[in-house]
Amino acid sequence: MLRAVILQLIATLVAAALSGALFGVSGAISAAGAGLACVLPSGLFALRLAAITRRTGTASVTAFVAGEFLKIASIVGLLVLVWAVYPDLHWGGMLVGLILALKANLFAFLVKT
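This text gives an overview of the structure that appears in the document. (Residues numbered from 1 in each chain as written. Predicted model: local features only at pLDDT ≥ 70, side-chain atom pairs only at ≥ 80, totals over all residues. Heavy atoms only, no water.)

1. Concerning the side chain of Ser19
- By secondary structure assignment, the location of Ser19 is in helix α1 (residues 2–23).
- If sequence neighbours within four positions are ignored, Ser19 has contacts with Gly24, Gly27, Ala28, Ala31, Gly93 and Val96. (Helix = DSSP H or I, 4+ residues; strand = E, 2+ residues; numbered from the N terminus. Contact = heavy atoms within 4.5 Å.)

Below is the structure:
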C-alpha cells in the first residue's frame, strides 16, 4: 500500500513538471496541489490500514470502507481548499495533477517488490 503512495508522489512530481512545461508556473503549482490533495489522504489511509492490520492481524471490511470514504471526502475537501487558497489556479494543470496522481495506483501492481 505504501508503494502505491510513493508512486502517487512520483506521479505528482511528473505532473507538476509536465504542467509547468505546458501551462507555466501556475500550472505546475496547480498540478502539485491537486496531486498532494490525493497523496496525503492516501498516505494516511495506508498508515491506518497498516496499524489496524498490526493490531488485529487483519483489516475488516468495515474499517476499509470507512477509511476509503474518509479518504475520498478528504481528497474532495483538499481540492476545494486548493481552489480557495490559490487564486491563480490553472484548471488544466489541476486536472493533469489529479488524473496522474489517481491513476498512479494502477502502476503499483507492475512494480516488483
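Structure shown, so let's carry the discussion forward.
2. Some details on the pattern of salt bridges
- In this structure the tally under the stated criterion is one salt bridge.
- A salt bridge links Glu68 to Lys71; its shortest N-O distance comes to 3.4 Å. Of this pair, Glu68 and Lys71 are both found in helix α3 (residues 61–85), three residues apart, which corresponds to roughly one turn of the helix.
- Of the residues examined, Lys71 reaches a relative accessible area of 13% and is grouped as buried. (Salt bridge = Lys/Arg side-chain N within 4 Å of Asp/Glu carboxyl O. Buried < 20%, exposed > 50% of the residue type's maximum accessible area, 1.4 Å probe, protein only.)

3. What to know about the packing of helix α2 (residues 25–56) against α3
- Interaxial distance between α2 and α3 falls to 9 Å at its minimum, and their mutual angle equals 160 degrees. As the angle between them shows, α2 and α3 are arranged roughly antiparallel. Pair α2 / α3 crosses with right-handed handedness. Every residue of α3 that contacts α2 at Gly33, Ala34, Ala37, Cys38, Pro41, Ser42, Phe45, Arg48, Leu49 and Ile52 is listed here: Ala63, Phe64, Gly67, Glu68, Lys71, Ser74, Ile75, Leu78, Leu79 and Val82. (Axes fitted to C-alpha atoms, helices over the stretch in contact; angles between N-to-C directions. Parallel < 35°, antiparallel > 145°, perpendicular 65-115°, else oblique. Left-handed = near helix turned anticlockwise from the far one by under 90°.)

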